[in-house]
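Geometric and topological summary
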Amino acid sequence: MKQIIAFLLTFLSATAFAAESTPGEFIIKGKLENIPDGTLIYVSQLKNNMFKTICSDTLRNGQFMLRDTVSDTSLLYLSANIRKAPGHSAKIWVAPGAKIKITGKDLNFPLWKVISNIPEQEFERKKIEVQMPELEEILRLSAEENELIAHLYVDLKGREDSAATIWKKIEDIRKIAAPYDDRQETKTLDFLASAPVDKAWLQEYYVFTWRLGRPKAKRTEEIRALYSKIPDNMKQTPIGRAITEYISIEEPINVGDYMADGDLYDIEGKKHRLSELKGRYIMLDFWNVGCGPCRQSIPEIKEVEEIYKDRMYLVSISSDVKEEWLEALKKLDLNGLQWNELRAGNTGLAARYRLTGFPHYALIDPEGKVIDIWSGYGKGSIKERLAKNIK
């Protein structure tokens, strides 16, 4: 009888565990000090150049637990919605069935201790060890900057009489941080040169190659030299292909240069080039689905398209993957010349036209010369820019 009872208890226990478990689930448990209860702790995933929160928990008695499912080893970014935090997340590698423990004593998320048996997490630990003490100072200065920005836009509601003073303080902080950033980057590149290539290595290297597409990129020769370390089979992975795209980026153009051109695809998959439009002014509008200012600019974009319909082509170039791009066009009721390069990252025309953030614009004259390049949107700014340049 005792054996039967023992068997039933074992069976019920196993059944209950199976019912609670989810295939592919990972669990992150954390215990923190000096962070107030009620703070939201969350992890995000970077997909199509946008961060998407996938799970969160509220800190209670200094503890939190995060759980979700993944199909393979994946990189997540852990952070908290607390005002005085630095603008840097902790990189947490997860895998199906992983059970991860985290401990921390302050808001410096990247310095929290991560206990995990995932090999990629060991790469992160060694990298952070190499980046010290510069990383610690960078996090401190980043927290100061975030606090000033919150003070301006939350406490002072963006008051113009305070903005200049606060932005001067922020610029001063950035100047102080610059040499620490430089030394940390040098240390990280040296670390990549000696570390074996794995998923974590590729993720870190991807960030450096992404910078090759930005104006005034630093250490370009060192960054390009590391590409030879990547095995051919890893170059065929999605992140490997994206890295290859960035490594192959051509030099950016300047105002006064002849326009850069490339293959662009409409909603039906037909290929186009900007050279088809020569003879009129061409305005390029680089945007993506997750960009709030891009959405705010839509009414003005439609308005200037109508105003200059006989003198200018307006080409909207999305950086989104095909499915998200097509869905957004329907949802936002966007018409006209809606094109997409359909390539990894902002490695094509966006990089050549010096994209630093969305929305980003370029204006080309009827002869094909670039006469203006600018970023950002404020009400009336597009009209003002075109009125100045289109005679």
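What you are looking at is a predicted structure, and each value in this text was computed from that prediction instead of being measured.

**Notes on the sheet that holds strand E8 (residues 113-115)**
Pairing within the open sheet is mixed, and its 4 strands lie in the order E4-E1-E7-E8. Since the sheet does not close on itself, it has two edges, and those belong to strand E4 (63-69) and E8, each with one partner. Looking at each pair of strands side by side, their axes are set apart by 15° on average, direction ignored. By the bridge criterion, 7 bridges tie strand E1 (residues 25-32) to E4 in an arrangement that is antiparallel. Along E4, the bridge assignment pairs Ile-27 with Arg-67.

**Quick notes on the nonpolar core**
Counting residues in each nonpolar core, the largest one holds 53 residues, and the members touching the most others are Ile-28, Leu-78, Trp-201, Tyr-205 and Ile-243. Considering each element in turn, this core owes the most residues, 6 residues, to helix H5 (residues 199-211). The contact partners of Leu-78, leaving out residues within four places of it in the chain, are Ile-41, Tyr-42, Val-43, Phe-64, Leu-66, Ser-89, Ala-90, Ile-92, Ile-102, Phe-109 and Trp-112. Ranked by size, the runner-up nonpolar core spans 20 residues in total, among them Leu-264, Val-315, Ile-317 and Ile-373.

**Side note on unusual backbone geometry**
Residue Pro-133 is reached from Met-132 by a cis peptide bond, and omega for that bond is 5°. Take Pro-133: it is sitting in the loop between helix H2 (119-131) and helix H3 (134-155). Here Phe-358 and Pro-359 are connected by a cis peptide whose omega angle stands at -10°. Counting through the fold element by element, Pro-359 comes out in the loop between helix H11 (349-352) and strand E14 (360-364). Even without being a glycine, Asn-61 presents a positive backbone phi close to 50°. With respect to the helices and strands, Asn-61 occurs in the loop between strand E3 (50-58) and E4.

**Some words on the sheet that holds E3**
With respect to topology, 4 strands assemble into an open sheet ordered E3-E2-E5-E6, the strand pairing being antiparallel. What marks the edges here is a single partner per strand, and that holds for E3 and strand E6 (90-94). The sheet shows a mean angle of 35° between the axes of neighbouring strands, taken without regard to direction. Sheet topology places strand E5 (residues 74-80) next to E6; 5 bridges connect them, and they run antiparallel. Among the inter-strand pairings, Tyr-77 is bridged to a residue of E6, identified as Lys-91.

**Side note on the layout of surface pockets**
Taken as a whole, the second largest pocket holds about 210 Å³ of empty space. In terms of lining residues, the second largest pocket is bounded by 19 residues, among which Ile-298, Ile-301, Ser-316, Leu-334 and Gln-338 are the most central. When residues of the lining of the second largest pocket are assigned to their parent elements, the largest contribution, 7 residues, is made by helix H9 (residues 292-307). When the residues that make up the lining of the second largest pocket are grouped by side-chain class, the tally is 9 nonpolar, 6 polar and 4 charged.

**Some words on the environment of Lys-127**
Positionally, Lys-127 belongs in helix H2. A sequence separation of 68 residues divides Lys-127 from Ala-195, and the C-alpha atoms of the two residues are 9.4 Å apart. Once residues lying within four places of it in the same chain are set aside, the contact partners of Lys-127 are Lys-91, Thr-188, Phe-191 and Glu-204. A distance of 2.8 Å separates polar atoms of two side chains, one belonging to Lys-127 and the other to Glu-204.

**Here's the deal with the pattern of salt bridges**
What the rule picks out here adds up to 29 salt bridges. Across the pair Glu-204 and Lys-91 runs a salt bridge, and its minimum N-O distance is 2.9 Å. Of this pair, Glu-204 sits in helix H5 while Lys-91 sits in strand E6; the two residues are 113 residues apart in sequence, bridging distant segments of the chain. Across the pair, Lys-91 and Glu-204 agree in class, each one buried. Close ionic contact of Glu-129 with Arg-125 constitutes a salt bridge, the shortest N to O distance being 3.2 Å.

**Describing the pairing of E5**
A regular strand carries its side chains on alternate faces of the sheet. Of all 7 residues that make up E5, 7 are buried, and the element is covered over most of its length. Judged by which residues are buried, E5 turns out to be covered on both faces: Ser-74, Leu-76, Leu-78 and Ala-80 on one side and Leu-75, Tyr-77 and Ser-79 on the other are all buried. Relative to E5, strand E2 (residues 40-47) is paired through 4 bridges, and the arrangement is antiparallel. Directly across from Ile-41, in E5, lies its bridge partner Ala-80.

The rules behind each value
Residues numbered from 1 in each chain as written. Predicted model: local features only at pLDDT ≥ 70, side-chain atom pairs only at ≥ 80, totals over all residues. Heavy atoms only, no water. Pairing = 2+ DSSP bridges. Helix = DSSP H or I, 4+ residues; strand = E, 2+ residues; numbered from the N terminus. Axes fitted to C-alpha atoms, helices over the stretch in contact; angles between N-to-C directions. Core = buried A, V, L, I, M, F, W, Y, C linked by side-chain atoms within 4.5 Å. Buried < 20%, exposed > 50% of the residue type's maximum accessible area, 1.4 Å probe, protein only. Contact = heavy atoms within 4.5 Å. 1 Å grid on protein atoms, 1.4 Å probe; cavity = no way out; pocket = protein on both sides within 12 Å on 5 of 7 lines; lining within 4 Å. Points joined across faces, edges and corners; volume = space filled by probe spheres on them. Nonpolar A, V, L, I, M, F, W, Y, C, P; charged D, E, K, R; others polar. Polar contact = N/O pair within 3.5 Å; in protein donor to acceptor, adjacent residues only side chain to side chain. Salt bridge = Lys/Arg side-chain N within 4 Å of Asp/Glu carboxyl O.

Honestly, it's all geometry; don't read function into it.
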